[in-house]
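Read off the chains here:
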Amino acid sequence: MSMKIKSMSDKSLYIILFFFLNYIERSMSTNSSTIANLLQQGRLHHNANRLSQAEQCYFKILNTDPSHSEALHLLGLIAHQSGQHAQAINYLQLAVKQQPNNYHYLNNLGEAYRISGDFNQAEDYYNQSLNIKHSHAEAHYNLASLYLQQDKPELSEHHWRQALVFRPDYIHAHLQLGMLLLNRNQIKQSYGHLHCASALQPENIDAQLYLAKLHQRNHDFSNSLACYNKVLSRSPNHLIALLNRSSVYKHLGNLDQAIEGFRMCIALKPDFALAHLNLGIALKDQDNTQEALASFKSAIQFNPQLYKARLGICISQIPALYDSAEQIEIARKNYSNELDALIQNTHLEDASQINTVSLAVGGLQPFYLPYQGKIDLQLQSRYGQLIHKIQATRFPEYALPINQYPLQTGERIRVGILSGFFNNHSNWKIPIKGWCENIDHSQFELFAYHVGQSQDQQTKIAKNSFDHFLSDTRTTEQWASVISSHKLHVLIIPETGMDPITLTLAALRLAPVQCTSWGHPQTSGLPTIDYFLSSDLMEPEDAEQHYSEKLVRLPNLSIYYSPVNIEAANLTRSDMGLREKATLYFCAQSLFKYLPQHDEIFVEIAKQVPEAQFVFLAYAPSMDLTERFHQRLLKAFNAHGMNGEAFICILPKLNTAHFHALNSLADVFLDSIGWSGCNSTLEAIAHDLPIVSYAGKLMRGRHTFAILRMLGLESYENFSLQDYINQAVRMSRDTGYKEGMSQLIKERKHRLYYDSKPVLALQKFIKDLVINKQSEHNR
């Protein structure tokens with residue numbers, strides 16, 4: 001009985017055990033199926049960015065299986081996406097604990113640490129991930145991003161390149177590497193990666209945006225504009241694209257479109273400091289001074305560290321055009337006061353401040369100051385000292401004087417010319433071209449540093465005139481390094497008031513001797529510029545008092561000038577909208593050269609020459625400025641009861657062929673007073689056009705005076721404004737007098753051409769400098 005009971009009990013136990021195990025198996029199968037379903041649902045919610053629903057699914061999994069690594073991992077990702085970085089780290093650590101060799105988990109844990117600011121832990125987990133799978137592109141990408149945050153661009157570049165080795169279609173790696181290379185000004189390499197990203201995903205806004213920035217940096221404005229337009233077609237309110245597209249319009253001279261774009265940015269984001277800054281610059285270029293000042297002040301209100309806006313407030317005190325002589329004095333006083341304030345508020349205590357301030361240098365310059373017709377030594381010296389202090393603080397390795405480099409036997413003297421205008425520009429025509437083409441290359445080794453972007457046929461000519469011609473896009477630091485490495489004996493910077501990069505470099509010490517010249521005929525005020533190369537005929541007797549540099553008077557005009565190749569369009573006066581029977585006085589200078597105190601001169605000439613027509617050229621960047629000038633002249637005529645419209649004609653900007661055509665149609669070249677013509681005068685002389693000029697008190701007002709001296713036309717000189725008026729009238733009334741001057745110009749203009757004396761004098765000056773400096777050093 002007992003055995004039977006035992007036997008029956010064993011059988012029952014077997015049955016119970018069978019059903020229990022079957023239950024467990026079916027239960028586990030059900031749980032596994034449930035977890036799989038929950039995981040699938042969670043991922044669907046997760047991918048659709050329904051994070052709370054995804055989170056619920058993952059928690060349900062953990063209720064069933066608290067150690068489920070993937071649920072922990074995905075919860076960590078949700079916390080990371082939600083900005084709960086500490087919680088993300090906790091979940092991801094638990095996931096890694098369950099699967100310590102899962103390189104995805106390790107990489108994401110590293111990313112959570114990076115975002116939380118723990119760079120050491122982040123680096124450790126990225127490397128753990130890569131130790132398990134070196135081809136893991138995402139870990140390379142994240143490690144590169146970490147190194148960029150730590151200011152280790154070389155390591156960033158390495159890992160972005162590694163990411164692309166293992167995943168060539170990794171768009172974000174292409175984009176980041178492209179931008180890194182762009183920031184180094186490695187334009188071609190950058191373009192390769194950005195173009196690849198754009199080709200892989202044409203709809204990618206970042207790819208188009210970065211490409212646009214690259215084209216903009218390379219001054220390829222048409223392609224830049226096209227890329228920005230693509231971005232804005234997909235995202236019309238994209239602030240950066242709107243801002244940068246407006247900057248492109250500004251570079252293209254479309255100020256109205258630029259201003260409209262900057263205003264759109266401000267409408268979308270009223271506290272957008274950069275938009276206020278750029279609006280201020282565009283308004284300043286339009287000579288809308290009061291609105292420009294308001295914009296600069298708004299920029300500072302929203303970003304007090306925006307040094308360029310403070311610089312803008314200072315520079316905007318000098319407008320391009322004045323309505324009265326009194327305004328000039330007020331402008332000078334305001335500029336002086338704001339310059340003092342700028343000097344006092346230029347703080348260079350930490351690296352961030354120094355970099356911000358240095359980046360502003362060159363972008364806004366007191367370009368219009370010398371057009372006021374005053375001696376600017378005191379103002380320019382204060383400005384130059386400030387710019388030098390900024391640059392010397394930013395680049396201390398280029399702040400100290402340099403001993404003259406020894407000249408070895410048989411070695412040529414190394415001379416560099418630094419300019420942004422190795423192209424069809426007056427700076428190239430006068431004085432660079434003649435100097436570099438005719439200097440003795442057996443004695444001098446010439447280096448050209450073309451820091452500008454414009455290149456044309458003249459650039460090709462320039463390349464053949466130098467032993468070394470450098471023109472790649474570089475930063476100030478890169479240019480300084482290259483120039484210094486050439487160990488120049490003398491560096492010549494023909495102008496320091498126009499091109500931005502030129503000023504940033506001129507404020508540094510890159511050669512033992514540094515010279516400027518009259519490409520922008522104004523003292524630089526920079527303590528780093530030693531000599532001012534000028535024309536003996538142009539300078540007045542007291543000229544030394546006008547320069548912070550030591551004045552060097554090269555013979556005659558100081559230039560080697562070749563005759564102009566005239567290719568005039570076949571036009572009549574009627575074709576150009578001019579009166580057939582008028583006495584045409586060609587006023588060829590930029591409108592801001594004409595000061596309001598001299599407006600009466602046109603009236604006085606017109607009173608005696610009723611058939612007079614004064615032909616001016618519009619200021620292309622600002623039709624508003626052109627119209628203001630027009631109205632100012634009309635006001636002067638109206639004050640005398642005269643209809644100014646009968647005498648004034650303002651033509652649109654002319655191309656070269658039309659400009660020469662106008663010279664051939666005009667009766668008289670009426671030179672501007674205070675800042676006379678030079679290149680334009682020489683081109684008028686090519687047409688034998690009679691000239692009326694006035695000998696100013698400063699070199700920039702004596703260009704034409706010196707040219708007439710070279711031609712031996714002293715009898716045509718004017719030393720008073722009344723003489724100027726009388727001569728202009730006589731040119732209309734006395735045909736023999738006018739034609740006599742034209743004939744003398746025709747017979748004698750050869751005296752202006754191929755003058756080797758200035759080049760020989762420049763060579764002697766440089767040789768003496770180098771030899772004397774070397775002797776001083778040896779002593």
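What counts, and where the lines are drawn
- Chains are numbered independently. Their residues run from 1 in the order of the written sequence.
- In keeping with the predicted nature of the model, local features appear solely for residues at pLDDT of at least 70, side-chain atom pairs appear and are counted solely at 80 or more, and the whole-chain, interface and lining totals rest on all residues.
- By convention in this description, side-chain values take in all heavy atoms of the structure and omit both hydrogens and water.
- Any two strands between which DSSP finds at least two bridges are classified as paired.
- Secondary structure counts use DSSP, requiring at least four H or I residues in a row for a helix and at least two E residues in a row for a strand, with both numbered from the N terminus.
- Axes here refer to lines fitted to C-alpha atoms; in helices the fit is confined to the stretch in contact. Angles between the N-to-C directions go from 0 to 180 degrees.
- Exposure classes here rest on a 1.4 Å probe applied to the protein chains alone. A residue is buried below 20% of its type maximum, exposed above 50%, and partly exposed in between.
- Here, two residues are considered to be in contact whenever any of their heavy atoms come within 4.5 Å of each other.
- In protein, a polar contact requires one atom able to donate a hydrogen and another able to accept it; more generally it is a pair of N or O atoms within 3.5 Å, and residues adjacent in sequence count only if both atoms are side-chain atoms.
- The pLDDT score gives, residue by residue, the confidence of the prediction method on a 0 to 100 scale.
- Here is the rule: rings of Phe, Tyr and Trp (six-membered ring for Trp) pair when centre to centre is within 6.5 Å. Planes less than 30 degrees apart are stacked, more than 60 are edge-to-face, and the remainder are tilted.
- For a helix, the expected span equals 1.5 Å multiplied by the number of residues minus one.
- Each angle is binned into one of four classes, with values under 35 degrees roughly parallel, values over 145 roughly antiparallel, values of 65 to 115 roughly perpendicular, and all other values oblique.
- Crossings are assigned a handedness: left-handed for a near helix turned anticlockwise from the far helix by less than a right angle, right-handed for a clockwise turn.
- In this classification, Asp, Glu, Lys and Arg are treated as charged, Ala, Val, Leu, Ile, Met, Phe, Trp, Tyr, Cys and Pro as nonpolar, and every other residue, Gly included, as polar.
- We count a salt bridge whenever a side-chain nitrogen from Lys or Arg sits within 4 Å of a carboxyl oxygen from Asp or Glu.

### Some words on the sheet that holds strand β7 (residues 550-554)
- Read from one edge of the open sheet, seven strands run β3-β2-β1-β4-β5-β6-β7, paired in parallel fashion. The sheet terminates laterally at β3 (468-470) and β7, the two strands that pair on one side only. In this sheet, adjacent strand axes meet at a mean angle of 25° when their direction is disregarded.
- Relative to strand β5 (residues 513-517), strand β4 (residues 490-493) is paired through four bridges, and the arrangement is parallel. Across the sheet, residue Val 490 finds its bridge partner in β5, namely Val 513.

### Details of helix α17 (residues 307-315)
- Taking burial as the measure, the nine residues of α17 include seven buried ones, the bulk of the element.
- Those residues of α17 that fall on the buried side of the exposure criterion are Tyr 307, Ala 309, Leu 311, Gly 312, Ile 313, Cys 314 and Ile 315.
- Elements in contact with the buried residues of α17: α15 (273-285), α16 (289-302), α18 (325-344), α19 (351-360) and α20 (377-394).

### Some words on the side chain of Asn 718
- Tracing the backbone shows Asn 718 in the loop between α29 (703-710) and α30 (721-733).
- Of note is the side chain of Asn 718, whose polar atom sits 2.8 Å from the backbone oxygen of Ser 693.
- One polar contact links Asn 718 to Gln 727, side chain to side chain, over a distance of 2.7 Å.
- Excluding residues that lie within four positions of it along the chain, Asn 718 makes contacts with Val 692, Ser 693, Tyr 694, Ala 695, Asp 723, Tyr 724 and Gln 727.

### Focus: the confidence of the model for the protein
- Mean pLDDT over the protein stands at 92; residues scoring 70 or higher make up 95%.
- In this model residues 1-8 is a low-confidence stretch, pLDDT under 50, and it forms zero contacts with partners more than four residues away in sequence or in other chains.

### Brief notes about the packing of aromatic side chains
- A complete count under the given rule lists 34 aromatic pairs for this structure.
- Measuring from ring centre to ring centre gives 5.3 Å for Tyr 594 and Phe 616, while their planes differ by 85°; the resulting arrangement is edge-to-face. Highlighted residues: Tyr 594 in the loop between β8 (583-586) and α25 (599-608) and Phe 616 in strand β9 (residues 612-617), separated in sequence by 22 residues. Summarising the burial analysis for this pair, Tyr 594 and Phe 616 share the class buried.
- An angle of 65° between the planes, with centres 6.4 Å apart, marks the rings of Tyr 753 and Tyr 754 as edge-to-face.
- Tyr 754 sits in the partly exposed class, given a relative accessible area of 49%.
- Pairwise contacts between aromatic rings join Phe 367, Tyr 368, Tyr 371, Phe 592, Tyr 619 and Trp 675 into one cluster.

### Structural notes on helix α13 (residues 239-251)
- The first and last C-alpha atoms of α13 sit 19 Å apart over 13 residues, in line with the 18 Å expected at 1.5 Å per residue.
- For α13, every residue scored as buried is listed here: Ala 241, Leu 242, Leu 243, Asn 244, Arg 245, Ser 246, Ser 247, Val 248 and Tyr 249.
- If you follow the buried residues of α13, they end up packed against α11 (205-217), α12 (221-234), α14 (255-268) and α15.
- Once α13 ends, the next one or two residues include Gly 253, with phi positive near 85°.

### Here we look at the packing of helix α4 (residues 85-98) against helix α5 (residues 103-116)
- At a minimum axis separation of 9 Å, α4 and α5 run at an interaxial angle of 160°. In this view, α4 runs roughly antiparallel relative to α5, as classed from their interaxial angle. Viewed along their axes, α4 and α5 form a crossing whose handedness is left-handed. Together, His 85, Ala 88, Ile 89, Leu 92, Gln 93, Ala 95 and Val 96 of α4 and Tyr 105, Leu 106, Asn 108, Leu 109, Ala 112, Tyr 113, Ile 115 and Ser 116 of α5 make up the contact between the two elements.
- Of the residues belonging to the contact of α4 with α5, the class tally is 11 nonpolar, four polar and no charged.

### Topic: the pattern of salt bridges
- Applying the stated rule across the entire model yields 31 salt bridges.
- Taking the shortest distance from any N to any O, the salt bridge between Arg 730 and Asp 734 comes out at 3.3 Å.
- Given the relative accessible area of 29%, Asp 734 is considered partly exposed.
- Shared partners join several salt bridges into a network, and the residues in it are Glu 138, Arg 167 and Asp 169.

### Overview of unusual backbone geometry
- In this structure, Pro 431 follows Ile 430 across a cis peptide bond, with omega equal to 10°.
- Within the secondary structure, Pro 431 is located in helix α21 (residues 426-438).
- The backbone of Lys 487 shows a phi angle near 50°, a positive value even though the residue is not glycine.
- Along the polypeptide, Lys 487 turns up in the loop between α23 (476-485) and β4.
- A positive phi angle, near 75°, is found at Ser 558, a position not held by glycine.
- Among the secondary structure elements, Ser 558 is positioned in the loop between β7 and β8.

### Section: the side chain of His 238
- Tracing the chain through its elements places His 238 in the loop between α12 and α13.
- The residues contacting His 238, other than those within four sequence positions of it, are Ile 205, Leu 209, Val 231 and Leu 232.

### Comments concerning the environment of Ile 35
- Note that Ile 35 resides in helix α1 (residues 2-47).
- As a C-alpha pair, Ile 35 and Leu 62 span 27 residues in sequence and 9.0 Å in three-dimensional space.
- Residues in contact with Ile 35, not counting those within four places in the same chain, are Ile 61, Thr 64, Asp 65 and His 68.

### Digging into the sheet that holds strand β12 (residues 691-692)
- Taking strand neighbours across the sheet as the criterion, the five strands line up as β10-β9-β8-β11-β12 in an open arrangement whose pairing is parallel. The open sheet is flanked by β10 (648-651) and β12, the only strands paired with a single partner.
- Relative to β9, β8 runs parallel, the two being bridged by four bridges. From the neighbouring strand, Thr 583 faces β9, where its bridge partner is Ala 612.

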